Each structure stands twice: as C-alpha cells, then as structure tokens.
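Summary of structural features
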Amino acid sequence: MALTNPMLPVCRANTLTIQPVEQTWLIESVWIKSAVGIIGGPPKCCKSWLGLDMAISVASGTPCLNRFPIADKGPTLIFLAEDAIGSVRTRIDSICAHRKFDIDRLELYVITASALRLDLERDQKRLKHTLNDLRPRLLLLDPLIRLHRLDENSAADISNLLGYLREIQRTYDTAVVLVHHASKKHRAQPGQALRGSSDLHAFGDSNAYLARRNQKITLTLEHRSAKPPDPFELQLLSRSDGSATHLEIVSCVGENADTSLTDRILVLLQHAEKPLPGKIMREHLRVNNQRLIKTLDDLNKQSRIIRSSKGWISLEK
C-alpha cells in the first residue's frame, strides 16, 4: 500500500558532495558557477554591454572585461528583448573583434523569438526545451521588464517568476543572469535601488550593479558566498573608426589615476622594512587580488621584485 504522505528525499550533511574551491567560479571574482543574479543599474549605463561581455567570455573562454578568467568555458544562450537582431549581431561582432576571436568558433546562441514571456506556461516550456537541448553554462535575459506582464511591486508575482528561474538554474545547472533597471536615487546598498519587489535583491547569488558618474561607469559586485573585489571604473571604448566597441576597466575606485599600480607596488616595497605578504599589500593598496597577483608576477619576471618565504622584496632599493 502506497504511503499517503511520503517523505521528501533527505541525506546526512556529511554525505553531501563537497565543492572543490576551483569549481566555485564561472567567471572568477565576477560570477559564481551556476549562480542566479541580476545586472542592475539606471538606464544607459551599459548593462547590456556587460551582460554580453560575460556571455561571450564564457562562450569563448577569453577573460571577462579583459581581466577575469573563465573557470568553466561552454555554450551560452542570450535573449536581448530590446535590441533588433541586427543590432545584437553588431554588438557581438564588436566584442569579438576586440578580443580577436573568430565569431565562427563562438558557442553563443541567440533566442530570435519576437517575445519571451516567463509568466506564460507555454513560453516557460519552450525555454526549458531549449535549455535541455543546448545545456548552456550561462543564460542571459535582458531586460526583466520585457519578460513578463506581472506587477513588479507584487512580492507574490515576482516570487513565482523568480522561483521558475531558480528551478531552471537547478535543473539545467546553468547560471541565470537577469538585466534589470534601478532608480537613480542613491541607496546604502546598490541592490536596494532595484525597481520593484525587494525579492529581486534577495534573489541573487551573484549580482553586478552599474552606476554612471561623469563619463565613467562604476561596477560593484556582490556574492552570497564569496568576497567580491573592490568596485571598478569602466568605460565603453572603441577604435578610432568606431569598431570593436567594448567595456574596459579603467581603474579600481579609490586608486590614484595618475599613478600606475606598478609604481605604487614598487614604492611600497622600497619603503618596507621587511618582506610584505600579498595580503598586506592588497589591504594597503586597496586593489583587486587578481590584478595585484598579475602585476606582481609581471614585476617578478622583469627581475624588479622577488618573492621570499616571508613575502615580496624590491630589488630596486
């Protein structure tokens, strides 16, 4: 006789699979593997450019924003609801041209449907079939407001929609990146400026927030289970003929733009009374760990610094 109230599947905590550290990231420091989350910000602050940069980076295996390595290369799937297909192709071509990557080798798939409504069962099923067929590492949906006809201020409506996205993330082991608008008003935390229900901010395992200040764009990252890097300043750049448009990191927020990180490291080490570990240098310089490691490695190869068992030493004293 079948049980009327069968138990849910459970296991002891010590039998759960341990995730190796090297499998934490999809894009190192930027997006956790199979994470759901939001690229948020006011209009005209390059949210779509960042989403495309992430998708193309994962599909090509080339570093995101020319800096952050891809830890899990594979196919990606995108839907840009506010851009004509020709415009989408132009943006993809621009980033590929900048990366010097052949678009014919790119495992990037574009949903060409005129509309995709995630509050409709029919479209939910179509998206699931597509994900089952392609098994992408990353799904980019841009923007959220064009993907439903719900009340964004209704916690119940938004909760159901986000629940569906969490379901596909777990079923297909894919990262889900939503592009969403935020107000221009300053908030203590960038996620608090997202339009609509507060569930949107709570939803993300990884989130990226963009804000425009003068001609530069500030990128702030946050993760549920990892420490984010310091904020970055970005610019949308092109070649002199207007081609190869792409986002590029200009500096870390708070850095002196007139002094290179190389010079700052050398000055710090030259005035140090003893070898400095990388952790101490990072805290003093307030710089992203990955950028610091790369610069230290470059200086070491140039025989300008050397690493001892206790830390880094300048050879130019």
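Bear in mind the structure is a predicted one, so any value in this text is a computation, not a measurement.

What follows concerns the pattern of salt bridges. Tallied over the entire structure, the rule returns 15 salt bridges. Close ionic contact of Arg89 with Asp93 constitutes a salt bridge, the shortest N to O distance being 3.0 Å. Of this pair, Arg89 and Asp93 both sit in helix α2 (residues 85-99), 4 residues apart, roughly one helical turn. Sharing partners across several salt bridges, the network here consists of Lys33, Asp72 and Arg137.

In contact at an axis separation of 10 Å, helix α1 (residues 47-60) and α2 are set at 55° when each is read in the N-to-C sense. Between α1 and α2, the angle is such that the two are oblique. Our pair here, α1 against α2, has a crossing hand that is right-handed. When α1 is examined against α2, the residues Ser48, Trp49, Leu52, Asp53, Ile56, Ser57 and Ser60 are found in contact with a partner set consisting of Arg91, Ile92, Ser94, Ile95 and Arg99. A breakdown of the residues in the contact of α1 with α2 according to their chemical character gives 5 nonpolar, 4 polar and 3 charged.

Mapped onto the fold, Asn207 is located in strand β8 (residues 206-213). Among the polar contacts listed, one links the side chain of Asn207 to the side chain of Tyr209, at a separation of 3.2 Å. Here the side chain of Asn207 touches Glu222 through a polar contact of 2.8 Å, side chain to side chain. When sequence neighbours within four positions are dropped, the list of residues in contact with Asn207 reads Trp31, Gly37, Ile38, His201, Thr220, Leu221 and Glu222.

Their axes nearest at 11 Å, the elements helix α6 (residues 261-270) and helix α7 (residues 278-285) cross at an angle of 115°. Seen along the crossing, α6 lies across α7 with a hand that is right-handed. Contact residues: Leu261, Arg264, Ile265, Leu268 and Leu269 in α6; Met281, His284 and Leu285 in α7.

Take the environment of Asp123 next. Inspection of the secondary structure assignment puts Asp123 in helix α3 (residues 121-134). Judged by its relative accessible area of 2%, Asp123 falls in the buried class. In this structure the C-alpha to C-alpha distance between Asp123 and Leu147, which are 24 residues apart in sequence, comes to 10.0 Å.

Before going further, it helps to spend a moment on a nonpolar patch on the surface. A cluster of nonpolar side chains, Met7, Leu8 and Val10, forms an exposed patch at the surface whose accessible area comes to about 420 Å². With respect to the helices and strands, Met7 occurs in the segment before β1 (25-27).

What counts and what doesn't
The residue count restarts for each chain, going from 1 along the sequence in the order it is written. Local features in a predicted model are, by the rule used here, given only for residues with pLDDT of at least 70; side-chain atom pairs are given and counted only at 80 or more, and totals for whole chains, interfaces and linings are based on all residues. Note that the side-chain values use all heavy atoms of the structure and ignore hydrogens as well as water. Salt bridge criterion: a side-chain nitrogen from Lys or Arg within 4 Å of a carboxyl oxygen from Asp or Glu. Only runs of H or I of at least four residues qualify as helices and only runs of E of at least two qualify as strands under DSSP, and these elements are numbered from the N terminus. To obtain each axis, a line is fitted to C-alpha atoms, and for helices this fit is confined to the stretch in contact; angles are then taken between N-to-C directions over 0 to 180 degrees. Angles below 35 degrees are treated as roughly parallel, those above 145 as roughly antiparallel, those between 65 and 115 as roughly perpendicular, and all remaining angles as oblique. Crossing handedness is read from the near helix: turned anticlockwise from the far helix by less than a right angle, it gives a left-handed crossing, and turned clockwise, a right-handed one. The criterion used for residue contact is that any of the two residues' heavy atoms lie within 4.5 Å. Polarity classes work like this: nonpolar for Ala, Val, Leu, Ile, Met, Phe, Trp, Tyr, Cys and Pro, charged for Asp, Glu, Lys and Arg, and polar for all others, with Gly in that last group. For the purposes of these results, a polar contact is taken to be a pair of N or O atoms within 3.5 Å, where, inside protein, one atom must be able to donate a hydrogen and its partner to accept one; residues adjacent in sequence count only when each atom of the pair is a side-chain atom. Here's how the labels work: a residue is buried when its accessible area is under 20% of the maximum for its type, exposed when over 50%, partly exposed in between, all with a 1.4 Å probe on protein chains only. Residues enter a patch when their relative accessible area is above 30% and they make no salt bridge; the linking distance is 9 Å between like charges and 5 Å between nonpolar side chains (Val, Leu, Ile, Met, Phe, Trp, Tyr). A 1.4 Å probe and the Shrake-Rupley method give the accessible areas. Residues count as covered only by the protein chains that appear here.

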